[in-house]
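Results of the structural survey
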Amino acid sequence: MKIFAPAKVNIGLEVFPVRDDGFHPIRSIFTTVNLCDELEVQVLSEKNTCLVRCEGMELPEENTLTKAYKAFCVLTGVDSGVCVDIKKHIPSGGGLGGGSSDASSFIQSLDCLFSTHLEASSLRTIAGNVGSDVFFFTEALIDSGIGFSGSYAAVVEGRGEKVRKINARTDLAMVLLFPEVHVSTGEAYGLMDREFASGALPDKKADFVMEEEYMKDVSVWRFFNSFTIPVSNKFPCIMKALSDMKDSGALFSDMSGSGSTVFGVFASKREAEAAEKKLSKTWKTVSV
């Protein structure tokens, strides 16, 4: 099977203090964008094997796809081996959920390949064993079908397991800008926790309903990302990227997820493409 795994952008990301189980509760709007990784999945003759190959990347022996394979096999009893070839377009360590999206698409490709006909509840169970962002992509695929190329948006809360679909804004265009830094999720949470503990960051809380804010004119959006200040303090190029995005005419800009990708929202595709052309002289960018 050949399938596509879409990236996501966080429009607003409020992070709360760590819970007893080690997870930080969040509140955010996740929306898919048309930047996708490509996966090709083949059945192997070897049993209980998951071979993952990614051109240009050295993957750890245990990764989101091998975790997904193990969780799938435990739940279904399937023991056939598979090989997964990934062509990456979503940058790693960019806050766009590429690894989680790959895992979710892979899970549902396994369901198709082995005709296990898993119910939505089973797909959600596997997602919970792989990673927090996998919940969102799993719901997007349950709603829209594997390999979908449309738009899906949701308010995401808890550790990521509470996903409530909302109407996706299709009247906007975005530019993604990729600073040349890799930010791991664990590192970003560590930076944020230290600065909050020291009092270096204000205890900022959203005083608005996310889906209501999302439907307003973009120029008055009050969204913020709890990671932006601590992460950009360590990586000044992210702050420069945010400044350049704003100067390009973006109605709203911020960092996605735990970074380092910066996104800008524009009123039209024409304006986004014009900004992308200007920004591409200095940065690696894409219009989505």
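Residues numbered from 1 in each chain as written. Predicted model: local features only at pLDDT ≥ 70, side-chain atom pairs only at ≥ 80, totals over all residues. Heavy atoms only, no water.

As a packed pair, helix α3 (residues 120-128) and helix α4 (residues 134-144) sit with axes 9 Å apart at the nearest point and diverge in direction by 155 degrees. One element, α3, and the other, α4, form an angle in the roughly antiparallel class. Seen along the crossing, α3 lies across α4 with a hand that is right-handed. From α3, Ala 120, Leu 123, Arg 124, Ala 127 and Gly 128 reach across to α4, where they touch Val 134, Phe 135, Thr 138, Glu 139 and Ile 142. Taken together, the residues of the contact of α3 with α4 break down into six nonpolar, two polar and two charged. (Axes fitted to C-alpha atoms, helices over the stretch in contact; angles between N-to-C directions. Helix = DSSP H or I, 4+ residues; strand = E, 2+ residues; numbered from the N terminus. Parallel < 35°, antiparallel > 145°, perpendicular 65-115°, else oblique. Left-handed = near helix turned anticlockwise from the far one by under 90°. Contact = heavy atoms within 4.5 Å. Nonpolar A, V, L, I, M, F, W, Y, C, P; charged D, E, K, R; others polar.)

Moving on to the packing of aromatic side chains. Taken as a whole, this structure holds eleven aromatic pairs when the rule is applied. The interplanar angle of 70 degrees and the centroid separation of 5.3 Å between the aromatic rings of Phe 136 and Phe 137 together place this pair among those described as edge-to-face. Look at Phe 137 and you get buried, because its relative accessible area is 2%. Ring centres of Phe 208 and Phe 223 lie 5.5 Å apart, and the angle between their planes is 85 degrees; on these two criteria the pair is classed as edge-to-face. Of the two residues, Phe 208 sits in the loop between α5 (185-198) and α6 (210-214) while Phe 223 sits in the loop between α6 and α7 (228-234), which places them 15 residues apart along the sequence. By relative accessible area, which is 11% here, Phe 208 ends up buried. An aromatic cluster is defined as three or more aromatic residues linked by ring pairs; in this entry it consists of Phe 208, Tyr 214, Trp 221, Phe 223, Phe 252 and Phe 263. A cation over an aromatic ring shows up here: Lys 8 above the ring of Phe 30, its NZ or CZ 5.0 Å from the ring centre. The ring of Phe 23 carries Arg 159 above its face, with NZ or CZ at 4.3 Å from the centroid. (Phe/Tyr/Trp six-rings, centres within 6.5 Å; stacked < 30°, edge-to-face > 60°. Buried < 20%, exposed > 50% of the residue type's maximum accessible area, 1.4 Å probe, protein only. Lys NZ or Arg CZ within 6 Å of the ring centre and 35° of its normal.)

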